[in-house]
Amino acid sequence: MRKTRYAAVAFAAAAALTMSACGGDSGTDAGGEDTGSSDTITIGIKFDQPGVGFMENNEPSGFDVDVAKYVANELGYSEDQIEWKETPSAQRENVLENGEVDMIFASYSITDERKQRVAFAGPYFIAGQDLLVNADNNDINGPEDLNGKVLCSVTGSTSAQKIADTQPDVNLLEQGGYANCVTAMQGGQVDAVTTDDIILAGLASTDANSGKFKVVGNTFTEEQYGVGISQDSDQCEAINTAIRTMVEDGSWEEAIMANTEGADYSYNDELNPPEPAACA
Amino acid sequence: MSNQAVLFDVPGPKAKRRILVFNVLGGLFVLGILAVAVNGLAEKDQFEAAKWTPFLEWSTWQFTLLPGLLATLQAAGVAVLTSIAFGLLFGFGRLSGVAPLRWVCDVVVEFFRAVPVLLMMIFLYQFFAKSTPMEASNAPFAAVVVALTLYNGSVIAELVRSGVFGLPKGQREAGLAIGLTPAQSLRSIEIPQALVAMLPALLGQFVVILKDSALGYIIGYTDLLANAQRFGAGAGNMLPSLLVAAAIFILINMLLTFTAQRLSRLLGARAGKLLQREDAIDPEGVEAPVK
Amino acid sequence: MGGFFALFEGYDVVAAFWMNIQLAFWAAIGSLVLGTVLAVMRISPIASLRWFGTAYVNIFRNTPLTIIMVFSVLGLWGQLQVNFVNDFDLNFFMLAILSLSLYHAAFVCEAIRSGVNTVPLGQAEAARSIGLSFLPAAWLIILPQAFRGAIAPLGNVLIALVKNTTVAAAASVAEASGLMKTMIEFRPDVMTQIFLTFAIGFVVIVIPIGLLTTWASKKLAVAR
């Protein structure tokens, strides 16, 4: 369920954010009227994934955002001391390396290749590639049911290709975004959309889509979502502690539930909630 | 279209009736196509109120469409200025008396006119983000502006050159006759006239720049199109969002085209004679530059 | 550099370019036909057709091509369920051709109109005086001369069309720009070489078209 409150503080901070985003300068003026400490923390999220990392009416929302807020709070930053910055997939390593952001919560999978350039705290969630189908579709329960069906994913994504490699008769549609896929699925032309389960669940849980789609719940890969930090950061342990606390006090579960409501989704409870890995 | 009637006689009573019939048939045909499309989209709930009411709310414009439009105008505006600078520089270079300079400018202009803008944007984005110290979050803007500049600057360079070549020979001959060097004649006689003559075409090129800036969404520049799509993703109204974005683009571009036409008529006395035959069938049609 | 050439074994660059050429070929035919019809509409005696032609040109000329492309996929195919053929990939290929044709027809129409402007008034008057009505006059007298006068602007439209086929990636067509993006993301260390390879590919296609149309426009120009 998306929250639609327009707190005055968030409003002011957000307005300042647009300005800095448009002007392209990363000044630290976006903290708004902070209380006490004048420090701000810059957190990178996705702006275009509803339910995971989304910016609407200048208010960030989604599971990544909720975890980020919790962790930042544990590190001593209140909500209005957070400066949100959009970090598209292709930019994540760069912005960490040159210090444009302090932490990244952007469905950021921990991989050895990325560890060469950045460090990770967490994981705070273990996602897996899954399928989103129309709520009344009972024929598709996994990739093996996709032969002859239309599968949609974003342009250049490897996840759709993985399925195509094992199911040669699947018809692949590549679109600019997952929401385009969902639009075509609503029109009845696409049978399934594929990417990480939590991203699918987030899409399906928006007000407009709620109840219309379901996540199949048969994950066939393992993606460890970590908190991206720079390699010389000393915050890894503190972030891990914050994640553990979040899981223990129930906020973690609450965040997932709040952001996937209406998607007929339950996370893979064999792998979740994950135990953060030891810091390097 | 004052002289258009030369293609057909003033219709008599019979022809008038026939034209009326065709008018009605043509109108019905267009309406029929529209009706089929509208009906089909309505069946898929594309016209349900919930998909359209967000555009009546100020917050949608305040936080999504207007910031997107601003970003589009910023990228296009900067690209217009840099394209003109690039175009003048290389346009003059191609008219230079120094052969090697001319060749270099020729090669640069011909190369960038031939490479698709999208290809340049994709490459420049990766290049700026990964191989330069530029902040990664500024890379999309820089890539959009530079790609638009290289292409449209090259087109403008070509406009400058063809503008000068399009002048009557007598202009240059007169310049040389009063003792100017070829370079002086170019600078003080030919180029000023060419610039006036190319103004309408130049304005038309701005339309191309504005339209092409929409390709920026592909590399993550949060322009009008990107914001519209993002809004569509959250509100579940992708098609209405795209339609609204398209309508904004059409409105602004028509305004630019209209200005170009007015300008060419204003300059008509000077530019018109250089650009168009006086006995043309459709003298008001400004030849639209293509992208 | 050794790794750079090995890269081409994993990716079929030629096939991607062939896709762009095919798109350009069919869309060129489509937009020429549609553009000619629109041009005739815009100079016709029937007001509703004139109005339609003008509205069409204003709308399609001023809309970014990517929006048209996404709209034909999500709207025409996704909602209205327009399927030209049963073959899935071929259907998107045809949707891309349709989008390219719709967009460039507006420019073709304007190019032909500029060609009509090169035809002297006397030609139209002569056509009327020998009793030709509008369609025969346009088809037999005006358009043949207009086309010859419009070769240079039509050539520009064709060049733009060839380059704009790269936008077909938005319609799920596996063409050159999408492949270049994938290759650059996979091998950022040789991105400049990859870009230059694709760029030169387009230069090789586009420059001959430019030379050919310049030559043809001089050769076929109506001497006056």
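Calculation notes
Residues numbered from 1 in each chain as written. Chains lettered and ligands numbered in written order. Predicted model: local features only at pLDDT ≥ 70, side-chain atom pairs only at ≥ 80, totals over all residues. Heavy atoms only, no water. Pairing = 2+ DSSP bridges. Helix = DSSP H or I, 4+ residues; strand = E, 2+ residues; numbered from the N terminus. Contact = heavy atoms within 4.5 Å. Buried area = accessible area lost by both parts, 1.4 Å probe. Salt bridge = Lys/Arg side-chain N within 4 Å of Asp/Glu carboxyl O. Polar contact = N/O pair within 3.5 Å; in protein donor to acceptor, adjacent residues only side chain to side chain. Nonpolar A, V, L, I, M, F, W, Y, C, P; charged D, E, K, R; others polar. Buried < 20%, exposed > 50% of the residue type's maximum accessible area, 1.4 Å probe, protein only. Arc of directions from axis to C-beta. Axes fitted to C-alpha atoms, helices over the stretch in contact; angles between N-to-C directions. pLDDT = per-residue confidence, 0-100. Patch = residues over 30% accessible without salt bridge, like charges linked within 9 Å, V, L, I, M, F, W, Y side chains within 5 Å. Areas by Shrake-Rupley, 256 points an atom, 1.4 Å probe, with all protein chains shown as cover. Disulfide = S-S within 2.5 Å.

Asks: I would appreciate a short explanation of the sheet that holds strand β4 (residues 59-61) of chain A in the present structure.
Replies: Think of a sheet as strands paired side by side through backbone hydrogen bonds, with each pair either parallel or antiparallel. One open sheet holds the three strands; their spatial order is β2-β3-β4 (chain A), and the pairing between them is antiparallel. Only two strands of the sheet have a single neighbouring strand rather than two, namely β2 (48-49) and β4 of chain A.

Asks: What am I meant to see in the interface of chain C and chain B here?
Replies: The figure often quoted for interface size is the accessible area lost as the parts come together. Counting residues at the interface gives 66 residues for chain C and 64 residues for chain B. Ranking the residues of chain C by area buried against chain B places Asn62, Asn117 and Arg128 of chain C at the top, with a combined share of 11%. At the boundary of chain C and chain B, one finds zero salt bridges. The interface formed by chain C and chain B includes seven residue pairs in polar contact (both at pLDDT 80 or more). Taken together, the elements giving at least two residues each to the side of chain C that touches chain B come down to α3 (47-61), α4 (65-77), α5 (88-117), α6 (121-129), α7 (134-149), α8 (151-164), α9 (176-186) and α10 (191-220) of chain C. With 11 residues, the single largest contributor to the side of chain C that touches chain B is α10 of chain C. Of the residues contributing to the side of chain C that touches chain B, the split by class is 39 nonpolar, 17 polar and 10 charged.

Asks: Explain helix α9 (residues 251-260) of chain A to me, please; I cannot follow it from the model alone.
Replies: Owing to its 3.6 residues per turn, the α-helix aligns residues three or four sequence positions apart on the same side. Residue and element names in this part refer to chain A. For α9, the set of buried residues is Ser251, Trp252, Ala255, Ile256, Asn259 and Thr260. Each buried residue of α9 sits inside an arc of 150° when the element is viewed along its axis, so together they form one side. In this structure, the buried residues of α9 make contact with α2 (63-74), β7 (119-127), α7 (197-204) and α8 (236-248). Just beyond α9, the residue with positive phi is Gly262, at close to 90°.

Asks: Teacher, can you tell me more about the sheet that holds strand β9 (residues 150-154) of chain A here?
Replies: Residue and element names in this part refer to chain A. As summarised here, the arrangement of the five strands in space is β10-β9-β11-β8-β12, forming an open sheet in which the pairing is mixed. In the strand order of this sheet, the two ends are held by β10 (171-175) and β12 (213-215), each with one partner. Between one strand axis and the next, the sheet turns through 30° on average, direction left out of account. Looking at chain direction, β9 and strand β11 (residues 192-196) are connected through two bridges and run parallel. Note that in β11 the partner of Cys152 across the bridge is Val193. Most of the contacts of helix α6 (residues 178-186) go to β11, to which it runs at about 155°, and overall it touches β8 (129-134), β9, β10, β11 and β12. Most of the contacts of α7 go to β11, to which it runs at about 125°, and overall it touches β8, β11 and β12.

Asks: Even after reading the chapter, I still don't get the interface of chain B and chain A, so can you show me in this structure?
Replies: At the interface, 27 residues of chain B touch 27 residues of chain A. Summed over both sides, the interface between chain B and chain A buries roughly 2,400 Å², with carbon and sulfur atoms accounting for 51% of that surface. Broken down residue by residue, the surface that chain B buries against chain A is led by Phe63, Arg230 and Gly234 of chain B, which jointly contribute 26%. Summed over the shared surface of chain B and chain A, the number is one salt bridge. Where Glu86 of chain A meets Arg230 of chain B, a salt bridge forms, and the shortest distance between an N and an O atom there is 2.9 Å. Across the contact surface, chain B and chain A share five residue pairs in polar contact (both at pLDDT 80 or more). In terms of residue count, helix α3 (residues 58-94) of chain B provides more of the side of chain B that touches chain A than any other element does, eight residues in total. Tallied by class, the residues present in the side of chain B that touches chain A amount to 12 nonpolar, 11 polar and four charged.

Asks: Which parts of the structure should I look at to understand the confidence of the model for chain C?
Replies: In low-pLDDT segments, the atomic positions of the prediction should not be examined closely. Residues and elements named next belong to chain C. Looking at chain C as a whole, the pLDDT averages 89, with 98% of positions reaching at least 70. Within chain C, helix α2 (residues 13-42) carries the highest mean pLDDT (95), whereas helix α1 (residues 2-10) carries the lowest (73). Our summary of model confidence lists the complex with pTM equal to 0.86 and ipTM equal to 0.90.

Asks: Would you mind going over a nonpolar patch on the surface with me for this structure?
Replies: A surface patch of nonpolar side chains, amounting to about 780 Å² of accessible area, comprises Leu20, Val21, Phe22, Val24, Leu25, Leu28, Leu31 and Leu34 of chain B. Relative to the assigned elements, Leu25 of chain B resides in helix α1 (residues 13-43).

Asks: Help me understand the state of the cysteines in this model?
Replies: All names here are of chain A. In the structure shown here, the tally under the stated rule is two disulfides over all chains. The disulfide that involves Cys152 links it to Cys181, with 2.0 Å between the sulfurs. Residues Cys152 and Cys181 are joined through a disulfide that is left-handed, its torsion about the S-S bond being -70°. Placement of the pair is Cys152 in strand β9 and Cys181 in helix α6, with a sequence separation of 29 residues. Note on accessibility: Cys152 and Cys181 belong to one class, buried. With its sulfur 1.9 Å from that of its partner, Cys236 forms a disulfide with Cys279. Here the disulfide of Cys236 and Cys279 is left-handed, its torsion about the S-S bond being about -85°. Residue Cys236 is located in helix α8, and its partner Cys279 is located in the segment after α9; the two are separated by 43 residues in the primary sequence.

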